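Below are the chains, spelled out letter by letter.
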Amino acid sequence: MDGNTTSVGQMLAALQQSVFAQAIVAVVVVCFCTRILSSQWFHSIRCSKGRNLTPPTVPYWIPGLKHALSLAYDPSTFMATCL
Amino acid sequence: MFVSNDTDPSMAFAAHTTSYINVLTLDRNKYGDGSPFFIDGAGRKMLFVLDPDHIKGILRASKEMDPNPFIHERILGALMGSPQPAVDYYKSEGHNIDYIQTTHIRKHTTGSNLGLLDKRLFDTMKQTVGENLKSPGEWTEIPDLFAFVTQHVTYAIATTLLGTELVSSYPGLIADLWVHIEYTDQLFMGLPRFAIPKAYAARDRLLASFRAWSTKSEELRKRGAVNTTWDPVAGSGLLQEREKLYAEMPGHDEYARSAQTLGLLYGGTSLAVPITYWYLFETLRTPDLHTRVLAEIKNHVDPKTDSYSFMQLTTRPLLQSLHAETTRLYTVNLTVREVTSPVYAFDDKYSIPKGTSVFISNKWAGMYAPGWAKSRAQALARPLTTFWPERYLVYDGNGTEKIERFSDAGLSGNWMSFGGGEHKCPGRHFARNIGIVSLAVLMGEFELEVVDAERTRRLNPDHKKKAFGTLFPTGKIAARIRRRAN
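Residues numbered from 1 in each chain as written. Chains lettered and ligands numbered in written order. Predicted model: local features only at pLDDT ≥ 70, side-chain atom pairs only at ≥ 80, totals over all residues.

**Re the overall build of chain A**
Here's step 1: Each helix and strand counted, chain A has four helices and zero strands in total.
Here's step 2: In chain A, the succession of α and β elements from N to C terminus is α-α-α-α.
Here's step 3: Since a compact globule built from 83 residues should have a radius of gyration of about 12 Å, the 19 Å found for chain A marks it as more spread out than a globular shape.
Here's step 4: Taken along its principal axes, the extent of the C-alpha atoms in chain A is 55 × 35 × 20 Å.
Here's step 5: Within chain A, the fraction of its 83 residues that count as buried is 19%.
Here's step 6: Summarising the internal contacts of chain A: among those between residues at least 6 apart in sequence, 33% fall at separations of at least 24. (Helix = DSSP H or I, 4+ residues; strand = E, 2+ residues; numbered from the N terminus. Rg over C-alpha atoms; globule rule 2.2 N^0.38 Å. Buried ≥ 20, exposed ≤ 12 C-beta atoms within 10 Å, placed from the backbone. Contact = placed C-beta atoms within 7 Å.)

**A word on the overall build of chain B**
Here's step 1: Helices and strands together make up the secondary structure of chain B, namely 21 helices and 16 strands.
Here's step 2: Here the C-alpha atoms of chain B give a radius of gyration of 24 Å, agreeing with the 23 Å that 2.2 N^0.38 yields for 486 residues.
Here's step 3: Taking the principal axes of its C-alpha atoms as reference, chain B extends roughly 85 × 60 × 45 Å.
Here's step 4: Looking at chain B alone, contacts between residues at least 24 apart form 71% of all its contacts between residues at least 6 apart.

**A short note on the sheet that holds strand β2 (residues 44–48) of chain B**
Residues and elements named next belong to chain B.
Here's step 1: Here five strands make up an open sheet; going across it, the order is β1-β2-β12-β9-β3 and the pairing mixed. Lying at the two open borders of the sheet, with one neighbouring strand each, are β1 (37–41) and β3 (65–66).
Here's step 2: As paired strands, β2 and strand β12 (residues 357–361) are joined by three bridges and run parallel to one another. The partner of F48 across the bridge, within β12, is F359.
Here's step 3: This element, helix α3 (residues 68–79), spans β3, β9 (334–339) and β12 of the sheet and lies at about 115 degrees to β9. (Pairing = 2+ DSSP bridges. Axes fitted to C-alpha atoms, helices over the stretch in contact; angles between N-to-C directions.)

**A word on the pairing of β2(B)**
Residues and elements named next belong to chain B.
Here's step 1: In the sheet, β1 pairs with β2 via five bridges, with the strands oriented antiparallel. Among the inter-strand pairings, F38 is bridged to a residue of β2, identified as L47.
Here's step 2: Once β1 ends, the chain turns through two residues before running back antiparallel as β2, passing A42 with a positive phi of about 55 degrees.

**Quick look at helix α13 (residues 254–269) of chain B**
Here's step 1: The terminal C-alpha atoms of α13(B), which comprises 16 residues, lie 22 Å apart, in line with the 22 Å expected from a rise of 1.5 Å per residue.
Here's step 2: By the burial criterion, the buried members of α13(B) are A256(B), R257(B), S258(B), A259(B), Q260(B), T261(B), L262(B), L264(B), L265(B), G268(B) and T269(B). (Expected span 1.5 Å × (residues − 1).)

**Topic: the packing of helix α15 (residues 287–298) of chain B against helix α20 (residues 428–445) of chain B**
Residue and element names in this part refer to chain B.
Here's step 1: Where α15 meets α20, the closest approach of the two axes is 10 Å, and the angle between their N-to-C directions is 100 degrees. The orientation of α15 relative to α20 falls into the category roughly perpendicular. For the pair α15 and α20, contact is made by V293, L294, I297 and K298 and by L439, A440, M443 and G444, respectively.
Here's step 2: The residue makeup of the contact of α15 with α20, split by class, is six nonpolar, one polar and one charged. (Parallel < 35°, antiparallel > 145°, perpendicular 65-115°, else oblique. Nonpolar A, V, L, I, M, F, W, Y, C, P; charged D, E, K, R; others polar.)

**Quick word on the interface of chain A and chain B**
Here's step 1: In this assembly, 27 residues from chain A lie in contact with 32 residues from chain B.
Here's step 2: Listing elements by their share of the side of chain A that touches chain B, those giving two or more residues are α2 (19–47), α3 (68–73) and α4 (75–82) of chain A.
Here's step 3: With seven residues, α4(A) is the largest single contributor of residues to the side of chain A that touches chain B.
Here's step 4: Tallied by class, residues from the side of chain A that touches chain B come to 14 nonpolar, nine polar and four charged.

**Description of helix α4 (residues 84–91) of chain B**
Residue and element names in this part refer to chain B.
Here's step 1: Of all the positions in α4, only A86, V87 and Y90 are classed as buried. Looking straight down α4, one finds that the buried residues subtend no more than 100 degrees of arc, so they occupy a single side.
Here's step 2: Next to the buried residues of α4 lie α3, α5 (97–108) and α13. (Arc of directions from axis to C-beta.)

**Some thoughts on the confidence of the model for chain B**
All names here are of chain B.
Here's step 1: A residue-level look at chain B finds 93% of positions with pLDDT of 70 or above and a mean pLDDT of 89.
Here's step 2: Within chain B, no element has a lower average pLDDT than helix α1 (residues 9–24), which sits at 43, and none a higher one than helix α7 (residues 145–162), at 97.
Here's step 3: In the predicted structure, residues 1–28 sits below a pLDDT of 50 and forms 14 contacts with residues beyond four places in sequence or in another chain.
Here's step 4: What the predictor reports for the complex is a pTM of 0.86 with an ipTM of 0.87. (pLDDT = per-residue confidence, 0-100.)

**Some words on the packing of α7(B) against α13(B)**
Residues and elements named next belong to chain B.
Here's step 1: At a closest axis distance of 10 Å, the pairing of α7 and α13 adopts a crossing angle of 140 degrees. Relative to α13, the element α7 lies oblique. You can see that α7 and α13 cross each other, and the crossing is right-handed. Where α7 abuts α13, its residues T154, I157, A158 and L161 lie against L264, L265, G268 and T269.
Here's step 2: Of the residues contributing to the contact of α7 with α13, the split by class is five nonpolar, three polar and no charged. (Left-handed = near helix turned anticlockwise from the far one by under 90°.)

**Some words on the environment of F188(B)**
Residue and element names in this part refer to chain B.
Here's step 1: Checked against the element boundaries, F188 lands in helix α10 (residues 184–188).
Here's step 2: For F188, a count of 19 C-beta atoms within 10 Å corresponds to the partly exposed category.
Here's step 3: Put simply, F188 and G43 are 145 residues apart on the chain and 17 Å apart in space, counted from C-alpha to C-alpha.

Shown next as structure tokens:
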């Protein structure tokens, strides 16, 4: 238990000193939050009983780019995974 | 707030956690429950539709949903490499060129004109297949049946449409055409030349040869030195009339005309050739189906023409159903529309604004079981991910007096490999007959056998892996062929 606490403390200390590590963590956090939020929006529209709604957008990880990388890499396979 | 009060808290927590794990992982096919959804590539949004009721509505709404903006910009411009003045002419007001060229293709690919195309196709294929065989009665090995069918069927289509001179003077035509077809998605998405140099190089060679052909063909036409039905240099009547039509159209120099020729050849081969392969292959590897199809072919020999009654063959219920099932399962293409009215409403719940691009994956619509359950539940007797040649047959009468017939009534939202509504593919009858003619040549004139039919089951493609593109077997399928004894 003490060993785990020490290693977490060391990681946090390393994070405070490295801008690169902070940037990586920030990107990962932003991507995860984007995914969770876009999933929430997607399912809330699907489950809504409203009228004249714009259909939802498939959840994505990267704000702004959304599905651009998947579409550029292999559009046919990516679309098939969504269908 | 997401947990109802009458739920066991531990189970609710587990379910909630699982749903978030699903959200965070890329598990397959989780959005296609029938509701429309958007895919968004950095602001370029594409709406995907799967529900057959929505699809039928789209196909009927020809005034609110137009395929032409996508065709002009992405297909004619980006994919076929047409110069901008020609694309701009299509996009301009005050003409009905889309209607004119559609009716023109329809005129040349139906009725007696279709019979002429069938005959040319049959004679060409019979000749080229026979040229490479060993002595009569001896089997010739085919190491890769897909490549064999692709080569012979593409050659026969190209010769039928464009004449023999262009095809024989450009040995790389078939290879270049299939490179171009395989890069369809990257080209129509507008990837630059440095990203896909092989695709642009193949297209450049195709367009250059079509330009030279167009110029030569025009000279002959002006001198009246062509056979207007079919000419070895100027090609089919369809191509000759198209060249004349485009030559008089604003923005259509030889560069634009060559892009139009590429478009026609692409349209005549990209779906029809793979369909023909799968049509033939499924027949060859299923003994009962093979016997029944061969009997149909033999029953329609036309001794007067030393050929077959293709018009009658195309009305046979089994062959119609076989063709429909092949296109349903093995055609992996997209139907695209753009909303041209201020708003388009799918139903009470969903509506989309003007300018939205709507995509229908024909294969996925064909495999969407809830849609079939609504339209024709008995067609679900075998899974939609399997090939069942009788899927489109219905039976009239009762007891032993049952009469089978082909029916696609009510299935316009489930089976739409050639599009639908007012904009249904005008060359679909020719595409269907390419398959029938190929069967007549490769089964009626020759004996063709798959070497190890059981092994080929392991080479079946994954039917859920692609939203569009050509479906290949996952390995080479060996076969053998010999001339059929009379």
